[in-house]
Amino acid sequence: MQKDSIALLKQLFEEDKLTEQKIAEMRQDERKGVQTLLKRYDVKQDRTKALEQQFLAMSEFELKLRNNGYVNIAGVDEVGRGPLAGPVVAAAVVLPQDFKLLGLNDSKQLSESTREAYYEVIRDNAISYGVGIIHNDVIDSVNIYEATKLAMQEAINQLDPIADFVLVDAVPLKGLSCPSESIIKGDSKSISIAAASILAKVTRDRFMKEIHMSYPAYDFASNMGYGTKHHMETLSNQGATPYHRKSFAPVGNVEVK
């Protein structure tokens, strides 16, 4: 029997079209190129299995709630509590029961390109989602913790259909129209909260890149408003922008441009 060329096998691998029969044939093929390709295949399979297990583990909160009769389970998370400039942004996401996105995790654990790709998948497939943005003037007025809760509430209020249960990353929320649970490090324990963290992160990053165009010296496109060495030096030398949080040290000690 004539063996397939290594080029053809590589093409099938890249297109994810290797059948079980083809893999069995390759395991009997002693050509070095085929065995190298098999190693790549096995690594990919192991990685997929690990991601499957991770996704299943991160679905436990949602599965338990659905078994208790809840349907529209919202995950809520925020980004931007620590920066010296920019808003705090929260997102709320209700995912369908059959949603599956291997690799979904806390947005901080993902590359920017992966976050951008997942952002589109989540928005396209979510039953509903909302994004709350609370700007620096309100943060200065009510403090960052209260502003975070305002952003979360704003995101939840945008859901249509509304949530019948809310899973929140770390922050206890009161006064909701449905039951809720606060989960420490929830963005790495719940697929719904992880999805919310990605929507919030991408939304805020895009905003910071926009204001970078008006204030390029501060490098907001890279530091996202956090107090990097360059940001601190520019703040000291040029003063604060209208997007800086005056209630955050050392912003309050410099003049606004």
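No experiment lies behind these values; they were computed from the predicted model shown. (Residues numbered from 1 in each chain as written. Predicted model: local features only at pLDDT ≥ 70, side-chain atom pairs only at ≥ 80, totals over all residues. Heavy atoms only, no water.)

### Side note on helix 4 (residues 60-67)
What counts, and what does not: With a 1.4 Å probe rolled over the protein chains alone, any residue whose accessible area is under 20% of its type maximum counts as buried; one over 50% counts as exposed, and the rest are partly exposed. Only DSSP runs of H or I covering at least 4 residues are called helices, and only runs of E covering at least 2 are called strands; the numbering of each starts at the N terminus. Summarising the geometry, the arc corresponds to the directions from the helix axis toward the C-beta atoms. The criterion used for residue contact is that any of the two residues' heavy atoms lie within 4.5 Å.
What helix 4 keeps buried is the set Glu62, Leu65 and Arg66. Along the axis of helix 4, the buried residues cluster in a sector spanning 100°; they form a single face. Summarising the geometry of helix 4, the exposed residues directed more than 90 degrees from the buried face are Glu60, Lys64 and Asn67. Those residues of helix 4 that are buried are in contact with strand 1 (73-79), strand 4 (165-169) and helix 8 (191-214). The positive-phi residue at the C-terminal boundary of helix 4 is Gly69, with phi of around 100°.

### Here we look at the packing of helix 5 (residues 112-125) against helix 8
Our working rule: Helix axes are fitted only over the stretch in contact, all axes being lines through C-alpha atoms; the angle between N-to-C directions runs from 0 to 180 degrees. A crossing counts as left-handed when the near helix is turned anticlockwise from the far one by less than a right angle, and as right-handed when that turn is clockwise.
For the pair helix 5 and helix 8, the least separation of the axes is 9 Å and the interaxial angle reads 115°. In this structure, the crossing between helix 5 and helix 8 has a hand that is left-handed. Contacts from Glu112, Arg115, Glu116, Tyr118, Tyr119, Glu120, Ile122 and Arg123 in helix 5 reach Ala195, Ile198, Leu199, Lys201, Val202, Thr203, Asp205, Arg206 and Lys209 in helix 8.

### Let's talk about the environment of Lys22
Tracing the chain through its elements places Lys22 in helix 2 (residues 20-27). Look past the residues within four positions of Lys22 in its chain and what remains in contact with it is Asp4 and Leu9.

### Let's talk about the pairing of strand 4
Put simply, the test is: Whether two strands pair comes down to DSSP finding at least two bridges between them.
Burial analysis of strand 4 places five of its five residues in the buried class, the great majority of the element. Of the two faces of strand 4, the one holding Phe165, Leu167 and Asp169 and the one holding Val166 and Val168 are both buried throughout. Pairing geometry for strand 1 and strand 4, over four bridges, is parallel. Paired with Val76 across the bridge in strand 4 is Val168. Pairing analysis gives four bridges linking strand 4 to strand 5 (residues 180-183), with the strands arranged parallel. Paired with Val166 across the bridge in strand 5 is Ser180.

### Here's the deal with unusual backbone geometry
Asp160 connects to Pro161 through a cis peptide bond whose omega is 10°. If you trace the backbone, Pro161 turns up in the loop between helix 7 (144-157) and strand 4. Of note, the amide linkage connecting Ala249 to Pro250 takes the cis form, showing an omega dihedral of 0°. Along the chain, Pro250 falls in the segment after helix 10 (229-238). Positive phi outside glycine occurs at Met224, with the angle close to 55°. With respect to the helices, strands and loops of the structure, Met224 is situated in the loop between helix 9 (220-223) and helix 10.

### With respect to the side chain of Ser128
Rules: By the criterion applied in these results, polar contacts are pairs of N or O atoms within 3.5 Å in which, for protein atoms, one can donate a hydrogen and the other can accept it, and in which residues neighboring in sequence qualify only through two side-chain atoms.
Secondary-structure assignment places Ser128 in strand 3 (residues 128-134). On the basis of relative accessible area, Ser128 is assigned to the buried category, the value being 5%. From its side chain, Ser128 meets the backbone oxygen of Pro161 in a polar contact 3.3 Å long.

### Some words on the environment of Leu150
Positionally, Leu150 belongs in helix 7. In sequence terms Leu150 and Ala24 are 126 residues apart; their C-alpha atoms lie 57 Å from each other. The contacts of Leu150, once residues within four sequence positions are left out, are Ile134, Val138 and Val142.

### Some thoughts on the sheet that holds strand 1
Taken in spatial order, the five strands of this open sheet run 3-2-1-4-5, and their pairing is mixed. Each end of this open sheet is capped by a strand with a single partner; those strands are strand 3 and strand 5. Here the average twist between neighbouring strands, direction ignored, is 20°. Helix 8 contacts strand 1, strand 2 (88-94), strand 3, strand 4 and strand 5 of the sheet and is inclined by roughly 40° relative to strand 1.

### As for the pattern of salt bridges
Going by this rule: By convention in these notes, a salt bridge is any Lys or Arg side-chain nitrogen within 4 Å of a carboxyl oxygen on Asp or Glu.
Applying the stated rule across the entire model yields 16 salt bridges. A salt bridge links Glu116 to Arg206; its shortest N-O distance comes to 2.6 Å. In this pair, Glu116 sits in helix 5 while Arg206 sits in helix 8, placing the two residues 90 residues apart along the sequence. When its relative accessible area of 31% is taken as the criterion, Arg206 is described as partly exposed. In the salt-bridge network here, residues are joined through shared partners; they are Lys3, Asp29 and Arg31.

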